Protein chains: 2
Amino acid sequence: MVIKNVNLAFLKSALDKTEVNSALEWINNQNKAVNVSVKKVDFEKLEKWKFDQKKGCIGHDTGSFFSIDGIRVNTTLGKVGQWDQPIINQPEVGFLGFLVKEINGVLHFLVQAKIEPGNVNFVQLSPTLQATRSNFQQAHNGKQPKYLEYFKNATEETVLIDQLQSEQGARFLKKRNRNIIISANDNIEVYENFTWLTLGQLKSLMQVDNIVNMDTRTVLSGILYGNYNKKAINFSSVFTPQETYKSMLLKSALSSEGCFNSLNRIFSFITDLKSNNDLLVKKIPLNVLKDWIVTKDEIYHKDNDYFKIIGVEVEISNREVLNWYQPMVEPAQEGLCAFVCKNINGLLHFAVQAKLECGNHDIFEFAPTVQTLTGSYKKTPKDSLPFLEYVLSAKKEQIVYDTIQSEEGGRFFKEQNRNILIIADDDLPQELPENFIWMTLNQINNLTQYNNYINIQARNLIASIPFV
Amino acid sequence: MVIKNVNLAFLKSALDKTEVNSALEWINNQNKAVNVSVKKVDFEKLEKWKFDQKKGCIGHDTGSFFSIDGIRVNTTLGKVGQWDQPIINQPEVGFLGFLVKEINGVLHFLVQAKIEPGNVNFVQLSPTLQATRSNFQQAHNGKQPKYLEYFKNATEETVLIDQLQSEQGARFLKKRNRNIIISANDNIEVYENFTWLTLGQLKSLMQVDNIVNMDTRTVLSGILYGNYNKKAINFSSVFTPQETYKSMLLKSALSSEGCFNSLNRIFSFITDLKSNNDLLVKKIPLNVLKDWIVTKDEIYHKDNDYFKIIGVEVEISNREVLNWYQPMVEPAQEGLCAFVCKNINGLLHFAVQAKLECGNHDIFEFAPTVQTLTGSYKKTPKDSLPFLEYVLSAKKEQIVYDTIQSEEGGRFFKEQNRNILIIADDDLPQELPENFIWMTLNQINNLTQYNNYINIQARNLIASIPFV
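Residues numbered from 1 in each chain as written. Chains lettered and ligands numbered in written order. Predicted model: local features only at pLDDT ≥ 70, side-chain atom pairs only at ≥ 80, totals over all residues. Heavy atoms only, no water.

1. Here's the deal with the overall build of chain A
Within chain A one finds 12 helices and 24 strands. Relative to the 2.2 N^0.38 estimate, which gives 23 Å for 468 residues, the radius of gyration of chain A is 22 Å and therefore close to what a compact globule would have. Viewed in the frame of its principal axes, chain A has a C-alpha envelope of about 65 × 55 × 40 Å. Sequence separation of at least 24 residues holds for 72% of the intrachain contacts in chain A that already meet a minimum separation of 6. Accessible surface, chain A: about 19,100 Å² in total, of which carbon and sulfur atoms supply 47%. Put simply, chain A has 50 plus and 52 minus side-chain charges, and the middle of one group is 1 Å from the middle of the other. (Helix = DSSP H or I, 4+ residues; strand = E, 2+ residues; numbered from the N terminus. Rg over C-alpha atoms; globule rule 2.2 N^0.38 Å. Contact = heavy atoms within 4.5 Å. Areas by Shrake-Rupley, 256 points an atom, 1.4 Å probe, with all protein chains shown as cover. Lys, Arg positive; Asp, Glu negative; His and termini not counted. Charge placed at Lys NZ, Arg CZ, Asp CG, Glu CD.)

Laid out in structure tokens, this is it:
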């Protein structure tokens with residue numbers, strides 16, 4: 001099926017108001033039908049995995065999947081110039097893909113109810129396809145993921161989005177996934193754990209804790225709804241979100257004019273930071289990481305901060321029983337990601353932070369206004385982090401959403417972070433701290449199309465923004 | 001001075017037709033006034049430099065400037081999956097900057113007649129400023145480059161362009177420079193080796209061999225002349241280049257509509273290549289590089305191909321005498337960089353190649369249609385490289401320009417490459433070989449604004465395109 005005006009088709013789907021009760025019930029039933037057991041075990045009990053004491057890393061016997069490595073980080077930025085940490089090394093690019101088709105004129109996404117061992121509630125809504133490069137490149141394979149052939153046989157006409165997107169720079173070493181959306185033909189079969197939902201429905205479901213998984217959120221964040229000047233579209237007459245703040249967000253997503261900072265200014269801002277700062281990352285054995293303690297079943301920081309590396313045995317029983325072992329990352333606390341927006345010259349702007357993270361591909365990426373994944377935001381002195389106090393003391397009417405979302409359940413053990421979007425009062429000063437810059441939603445969406453500009457935490461907050 | 005419409009100001013300057021005879025005479029005189037001697041010497045004679053036999057690299061005593069390292073490259077692309085080579089490692093970002101100001105309503109660039117030891121003709125036109133990060137960050141320093149303070153005191157209003165641009169991926173390990181253009185105020189002093197030239201004049205001078213240096217060409221390549229739809233501008237009436245092909249090139253630079261491939265399609269093309277191919281680069285000592293021979297005064301390939309590492313003693317005498325030693329890269333032969341363009345649906349499109357080079361920041365960058373810097377194009381079998389025969393047998397009326405240009409004279413010893421731009425006849429098939437894609441000049445110019453998309457060879461060809 002050829003979608004003629006891709007951006008407009010996405011927009012129409014995002015503005016769909018169909019209720020989500022039946023979808024919630026469907027996930028609930030999927031969750032009841034499954035038993036998941038995740039038990040912590042010693043590293044030496046991890047079948048098919050080996051803690052190589054000589055190399056100082058944890059890897060799979062086949063050399064595939066991923067490894068847990070140690071790194072020493074040196075940077076010219078901030079107060080802490082050097083630190084050590086474990087990191088997930090997963091160099092192979094994976095595929096996160098959605099099939100979409102028009103049903104009654106509205107684009108629907110083929111969503112999978114997928115079990116992941118690390119998820120708090122096990123079953124969450126995931127993309128149609130999660131595949132490894134090996135899955136993708138092999139011509140024939142005994143056990144291929146469902147719908148893989150649609151992605152393999154994609155043509156120029158059916159590819160709506162195809163982007164290489166970064167993942168958590170504090171936990172992954174330069175990991176990127178291929179985020180792809182493909183239009184399917186009408187007669188596509190829908191398997192048991194799959195269902196069609198509109199973008200509006202998915203955005204509604206993101207207003208609920210832990211329903212839409214991280215992989216779905218990152219793929220949806222790559223969607224561009226179009227670039228309009230004031231003359232081309234009269235927002236208030238064409239689209240009629242009920243609440244004022246939703247129409248403000250929609251306008252910020254669609255307007256290519258009236259931005260406080262030009263694209264040139266944004267480039268200069270990030271060029272300056274990248275030119276004047278270094279990020280040097282060197283692999284070192286896990287056993288010699290400064291301030292980290294390795295025991296038979298854990299690698300943890302001496303202050304019990306940040307995260308731990310653990311080993312788990314997973315058993316999933318549904319119609320068939322699956323059993324495997326793997327290392328996982330267990331966070332030390334719940335993190336916080338928040339965007340603060342402000343009306344500037346009649347257009348909503350987001351306070352974007354340029355953030356250096358050790359696993360970044362290109363030193364800095366644009367991050368949310370507040371991002372505290374590596375330390376507890378509840379313990380952090382409120383005045384030590386820009387905007388933290390502002391976010392935590394926001395009035396109810398300023399909060400667009402405030403939900404708990406899970407990180408990727410295949411690598412992270414019960415990691416949930418609080419996601420908040422706040423529209424500031426006029427009393428918030430327009431002047432920003434160092435390393436912050438104002439962008440419209442349209443500018444963020446456009447930068448997302450290019451490699452290594454918008455980080456995953458920012459993208460996932462953006463994906464959750466409701467327009468209706 | 002605040003330039004109101006930056007893109008239009010650049011365009012107006014590019015369309016300036018002022019003659020260049022006096023500029024050529026000026027460079028000629030600058031060249032006569034200087035004596036440059038470059039003598040090859042043994043590595044052990046390189047004062048302040050050391051060939052560290054244990055680490056297997058050549059470095060400066062201070063650890064600054066650059067080093068010559070050995071690397072082992074593994075890639076999944078092409079017939080040769082693994083190779084070793086020496087490479088220039090220069091991690092610190094340098095500054096390449098132009099000051100501009102309006103003279104009689106036309107933007108002029110402050111150009112320096114700069115001596116570089118590697119240049120065939122020693123003096124070439126360079127940017128106003130070439131500075132190291134140390135120059136830039138230090139508050140006060142005994143000997144600072146001229147005009148540095150203008151760049152240090154630049155404000156949001158005066159920065160017209162500020163980009164991090166890659167350099168030769170086959171010779172430099174992830175090297176990038178900050179390319180910056182700043183508007184100066186009216187009363188700026190012009191020192192002896194400096195002069196004001198319009199962009200049109202600089203483009204005219206690029207039609208002559210070895211006059212405009214590589215640093216100038218890369219900075220000018222970052223200029224965007226604006227994005228216009230068909231309604232917004234009537235090219236033929238506003239701008240009147242004399243020759244048809246120049247008006248075709250101008251239209252390709254300015255038109256944001258009518259592109260054969262959408263931006264989405266270009267992203268998908270490069271995402272596919274980056275997702276399915278690996279580039280692994282590991283440092284190894286120079287002494288163990290496979291197929292490379294280390295002698296007391298050279299590191300060369302066993303087939304005498306590619307390039308050599310040599311040591312030189314440089315003596316420049318002008319008003320004062322300067323003398324220093326350094327390693328340099330000497331090419332084995334003259335290379336060839338060519339773009340082939342074709343009229344598609346009334347708009348000129350460029351055949352762009354996605355090229356993997358070992359020093360690339362992000363695996364692939366977009367390169368010219370033909371790029372043979374690492375082997376002799378005269379020895380290469382013509383049918384082994386797409387478009388090589390087409391370029392070499394082009395008719396005179398198809399050739400927009402065909403000049404010899406120097407690579408950076410501070411690192412490369414007498415390296416010159418042939419730069420060609422060809423507008424193909426209608427008989428050239430529209431179908432492209434694998435890893436090639438059609439782009440308009442406007443698309444290339446826009447991609448140049450983002451990090452790590454357009455490689456330096458492509459950018460430098462683009463910079464040389466004359467519009468009048």
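Here the narrative resumes, following the displayed structure.
2. Here we look at the packing of helix H6 (residues 214-221) of chain B against helix H12 (residues 456-463) of chain B
Residues and elements named next belong to chain B. Across the interface, H6 lies against H12 with an axial gap of 8 Å and an inter-helix angle of 80 degrees. The orientation of H6 relative to H12 falls into the category roughly perpendicular. Residues Met-214, Arg-217, Thr-218, Leu-220 and Ser-221 of H6 pack against Ile-456, Arg-459, Asn-460 and Ala-463 of H12. (Axes fitted to C-alpha atoms, helices over the stretch in contact; angles between N-to-C directions. Parallel < 35°, antiparallel > 145°, perpendicular 65-115°, else oblique.)

3. A look at the relation of the copies chain B and chain A
The relation between the two copies of this chain is a rotation about an axis and a shift parallel to it. Taken as rigid bodies, chain B and chain A are interconverted by a rotation of 180 degrees and an axial shift of 0.0 Å, the fit giving an RMSD of 0.0 Å. On the angle and the small slide along the axis, the relation comes out as a two-fold axis. Across chain B, the rotation axis passes nearest the C-alpha of Tyr-450 of chain B, at a separation of 3.8 Å. When you check the interface residues of chain B against chain A, 97% turn up at the interface there too, and the contact is symmetric in its surfaces. (Least-squares fit on C-alpha atoms with pLDDT ≥ 70 in both.)

4. Brief notes about empty space enclosed by the protein
Residues and elements named next belong to chain B. Considering all chains together, one arrives at nine cavities of 30 Å³ or more under this definition. By volume, the largest cavity is sized at about 80 Å³. Lining of the largest cavity is provided by 13 residues; of these, Lys-203, Leu-220, Tyr-225, Ile-462 and Ala-463 occupy positions nearest its centre. For the lining of the largest cavity, the secondary-structure elements that each account for two or more residues are helix H5 (199-205), H6, helix H11 (441-448) and H12. A breakdown of the residues in the lining of the largest cavity according to their chemical character gives 10 nonpolar, two polar and one charged. (1 Å grid on protein atoms, 1.4 Å probe; cavity = no way out; pocket = protein on both sides within 12 Å on 5 of 7 lines; lining within 4 Å. Points joined across faces, edges and corners; volume = space filled by probe spheres on them. Nonpolar A, V, L, I, M, F, W, Y, C, P; charged D, E, K, R; others polar.)

5. Examining unusual backbone geometry
Even without being glycine, Lys-48 of chain A reaches a positive phi, approximately 70 degrees. Structurally, Lys-48 of chain A can be placed in the loop between strand E1 (35-41) and strand E2 (49-52).

6. A few points about the interface of chain B and chain A
Between chain B and chain A, the residue contacts involve 35 residues of the former and 34 residues of the latter. Taking both partners together, chain B and chain A bury about 3,000 Å²; carbon and sulfur atoms supply 39% of that area. Here chain B and chain A share eight salt bridges between them. Across the salt bridge formed by Arg-133 of chain B and Asp-278 of chain A, the nearest N and O atoms sit 3.0 Å from each other. Joining chain B to chain A, the criterion identifies 20 residue pairs in polar contact (both at pLDDT 80 or more). Going through the elements one at a time, helix H3 (133-137), strand E10 (159-166), strand E11 (176-183) and helix H9 (263-276) of chain B are the ones with two or more residues in the side of chain B that touches chain A. (Buried area = accessible area lost by both parts, 1.4 Å probe. Salt bridge = Lys/Arg side-chain N within 4 Å of Asp/Glu carboxyl O. Polar contact = N/O pair within 3.5 Å; in protein donor to acceptor, adjacent residues only side chain to side chain.)

7. Quick word on the environment of Lys-50 of chain B
Residue and element names in this part refer to chain B. Following the sequence through the fold, Lys-50 ends up in strand E2 (residues 49-52). C-alpha separation for the pair Lys-50 and Ser-67, spaced 17 residues apart in sequence, amounts to 9.7 Å. Other than its neighbours up to four places away in sequence, Lys-50 contacts Cys-57, Ile-58, Gly-59 and Asp-61.

8. A few points about the pairing of strand E22 (residues 399-406) of chain B
All names here are of chain B. Across the eight residues of E22, six count as buried, placing the element largely inside the fold. As paired elements, E22 and strand E23 (residues 416-423) share seven bridges and run antiparallel to each other. Looking at the pairing, Thr-403 lines up with Asn-419 of E23. (Buried < 20%, exposed > 50% of the residue type's maximum accessible area, 1.4 Å probe, protein only. Pairing = 2+ DSSP bridges.)

9. Focus on the packing of aromatic side chains
Tallied over the entire structure, the rule returns 35 aromatic pairs over all chains. Centroid distance Tyr-147 of chain A to Tyr-150 of chain A: 6.2 Å. Interplanar angle 50 degrees. Geometry classified as tilted. The class for Tyr-147 of chain A is buried, based on a relative accessible area of 3%. Taken together, the ring pairs connect Phe-267, Tyr-450 and Tyr-453 of chain A together with Phe-267, Tyr-450 and Tyr-453 of chain B into an aromatic cluster. The positively charged end of Lys-175 of chain A is found above the aromatic ring belonging to Phe-172 of chain A, 4.5 Å away from the centroid. (Phe/Tyr/Trp six-rings, centres within 6.5 Å; stacked < 30°, edge-to-face > 60°. Lys NZ or Arg CZ within 6 Å of the ring centre and 35° of its normal.)

10. Let's talk about the pattern of salt bridges
If charged atoms from side chains of opposite charge come close, those side chains can pair. For the coordinates displayed, the defined rule picks out 36 salt bridges over all chains. The salt bridge partner of Asp-297 of chain B is Lys-296 of chain B, with a shortest N-O separation of 4.0 Å. You can call Asp-297 of chain B partly exposed: its relative accessible area is 28%. It is possible to trace a salt-bridge network through shared partners that takes in Asp-42, Lys-296 and Asp-297 of chain A.

11. Digging into the environment of Asn-276 of chain A
The topology assignment puts Asn-276 of chain A in helix H9 (residues 263-276). Residue Asn-276 of chain A is classed as buried on the basis of its relative accessible area, which comes to 16%. C-alpha separation for the pair Asn-276 of chain A and Gln-398 of chain A, spaced 122 residues apart in sequence, amounts to 36 Å. Sequence-distant contacts of Asn-276 of chain A, that is, excluding residues within four places in its chain, are made with Thr-76 of chain A together with Phe-95, Arg-133, Gln-137 and Arg-178 of chain B.

12. Looking at the confidence of the model for chain A
Mean pLDDT over chain A: 92, with 94% of residues reaching 70 or higher. Of the two predicted TM-score estimates for the complex, the pTM is 0.94 and the ipTM is 0.93. (pLDDT = per-residue confidence, 0-100.)

13. Comments concerning the side chain of Thr-218 of chain B
Checked against the element boundaries, Thr-218 of chain B lands in helix H6. Leave out the neighbours within four places in its chain, and Thr-218 of chain B touches Leu-96, Gln-165, Asn-179, Ile-456, Arg-459 and Asn-460 of chain B.

14. Looking at the side chain of Thr-403 of chain B
Residues and elements named next belong to chain B. Tracing the sequence through the fold places Thr-403 in strand E22. Given a relative accessible area of 4%, Thr-403 falls into the buried group. A distance of 3.2 Å separates a polar atom in the side chain of Thr-403 from a polar atom in the side chain of Gln-405. Thr-403 has contacts with Met-206, Gln-207, Val-208, Asp-209, Asn-417, Arg-418 and Asn-419, leaving out every residue within four places of it along the chain.

15. Looking at the state of the cysteines
Summed over all chains, the structure comprises zero disulfides over all chains. Of the cysteine sulfurs around Cys-358 of chain B, a residue in no disulfide, the closest is that of Cys-337 of chain B, at 15 Å. (Disulfide = S-S within 2.5 Å.)

16. Things to note about the environment of Thr-198 of chain B
All names here are of chain B. By the element assignment, Thr-198 lies in strand E12 (residues 194-198). For Thr-198 and Lys-12, which are 186 residues apart along the polypeptide, the C-alpha to C-alpha distance reads 9.3 Å. Filtering out sequence-adjacent residues up to four positions away, Thr-198 remains in contact with Ser-13, Asp-16, Val-106, Leu-107, His-108 and Phe-109.

17. What about helix H11 (residues 441-448) of chain A?
Across the eight residues that make up H11 of chain A, a large majority, seven, are buried. Leu-441, Asn-442, Gln-443, Ile-444, Asn-445, Leu-447 and Thr-448 of chain A are the residues of H11 of chain A that are buried.

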